[in-house]
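Now for the letters of each chain:
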Amino acid sequence: QVQLVESGGGSVQAGGSLRLSCAASGRTFSNWAKGWFRQAPGKEREFVAAISYLGGVTYYADSVKGRFAISRDNTKNTVYLQMNSLKPEDTAVYYCNAHLQTQNLRDMNGLGSWGQGTQVTVSS
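Let us look at the structure shown here. (Residues numbered from 1 in each chain as written. Predicted model: local features only at pLDDT ≥ 70, side-chain atom pairs only at ≥ 80, totals over all residues. Heavy atoms only, no water.)

## Some words on the pairing of strand S7 (residues 68-73)
Only one face of S7 is buried: it carries Phe68, Ile70 and Arg72, and the other face, with Ala69, Ser71 and Asp73, is open. Examined bridge by bridge, S7 and strand S8 (residues 78-83) share six bridges and lie antiparallel to one another. Among the inter-strand pairings, Ala69 is bridged to a residue of S8, identified as Gln82. (Buried < 20%, exposed > 50% of the residue type's maximum accessible area, 1.4 Å probe, protein only. Helix = DSSP H or I, 4+ residues; strand = E, 2+ residues; numbered from the N terminus. Pairing = 2+ DSSP bridges.)

As structure tokens, then:
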């Protein structure tokens with residue numbers, strides 16, 4: 001099981017910014033690709049962004065392209081999601097997960113367990 005902890009969520013007004021962090025608790029599968037997902041109330045979980053281990057491959061959902069940026073610091077076993085120009089429709093609980101292949105995260109497949117996530121609320 002991949003142990004990942006999300007943080008950095010909060011409440012902001014439309015147009016604001018947040019940076020989310022996803023920290024791995026240990027070295028297990030530390031070289032896996034990482035991705036961000038979100039789930040709004042009453043809705044299915046959806047893919048947001050993913051990044052390969054070395055950062056050379058990234059994927060973004062069309063809804064966040066140009067506004068969000070995923071990055072990682074492997075020395076800290078941490079992945080980030082910089083969220084700019086936030087919109088009310090970005091309101092959701094954000095989760096991170098991992099997979100051996102970045103493409104699988106893009107395709108809504110994560111091998112880690114789903115944790116508590118971090119709440120992002122954007123008001124209009």
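## A closer look at the packing of aromatic side chains
Enumeration according to the criterion identifies three aromatic pairs in this entry. Relative to Trp114, the ring of Tyr95 has its centre 6.0 Å away and its plane inclined at 85°; by these criteria the two rings are edge-to-face. Of this pair, Tyr95 sits in strand S9 (residues 92-99) while Trp114 sits in the loop between helix H1 (102-106) and strand S10 (118-123), and the two are 19 residues apart along the sequence. For Tyr95, a relative accessible area of 11% translates into the label buried. We classify Trp114 as partly exposed; its relative accessible area is 31%. Among the aromatic residues, those joined into a cluster by ring pairs are Phe37, Phe47, Tyr95 and Trp114. For Arg45, the ring lying beneath its charged end belongs to Tyr95, and the centroid distance is 5.8 Å. The lysine or arginine in question, Arg45, covers the ring of Trp114, its NZ or CZ lying 3.7 Å from the ring centre. (Phe/Tyr/Trp six-rings, centres within 6.5 Å; stacked < 30°, edge-to-face > 60°. Lys NZ or Arg CZ within 6 Å of the ring centre and 35° of its normal.)

## Points about the state of the cysteines
Scanning the entire structure with this criterion turns up one disulfide. Two residues share a disulfide in this structure: Cys22 and Cys96, whose sulfurs sit 2.0 Å from each other. Linking Cys22 and Cys96, the disulfide has an S-S dihedral of approximately 75° and is accordingly described as right-handed. Placement of Cys22 in strand S3 (residues 18-24) and of Cys96 in strand S9 is noted, with a sequence separation of 74 residues between them. Residue Cys22 shares its accessibility class with Cys96, and that shared class is buried. (Disulfide = S-S within 2.5 Å.)

## Here we look at the sheet that holds S10
With respect to topology, six strands assemble into an open sheet ordered S2-S10-S9-S4-S5-S6, the strand pairing being mixed. Edge positions in the open sheet fall to strand S2 (10-13) and strand S6 (58-60), since each of these has one partner strand only. Strand after strand, the sheet turns through a mean of 25° between neighbouring axes, direction not considered. Sheet analysis places S2 next to S10, joined by four bridges and oriented parallel. (Axes fitted to C-alpha atoms, helices over the stretch in contact; angles between N-to-C directions.)

## Some points on the sheet that holds S3
Adjacent strands of a sheet form backbone hydrogen bonds with each other and so pair up, either parallel or antiparallel. Strand order across the open sheet formed by four strands is S1-S3-S8-S7, with antiparallel pairing between neighbours. Each end of this open sheet is capped by a strand with a single partner; those strands are strand S1 (4-7) and S7. Neighbouring strand axes in the sheet, compared pairwise and without regard to direction, differ in orientation by 15° on average. Summarising the sheet, S3 and S8 pair through six bridges and their orientation is antiparallel. Counted as the bridge partner of Ala23 is Thr78 from S8.

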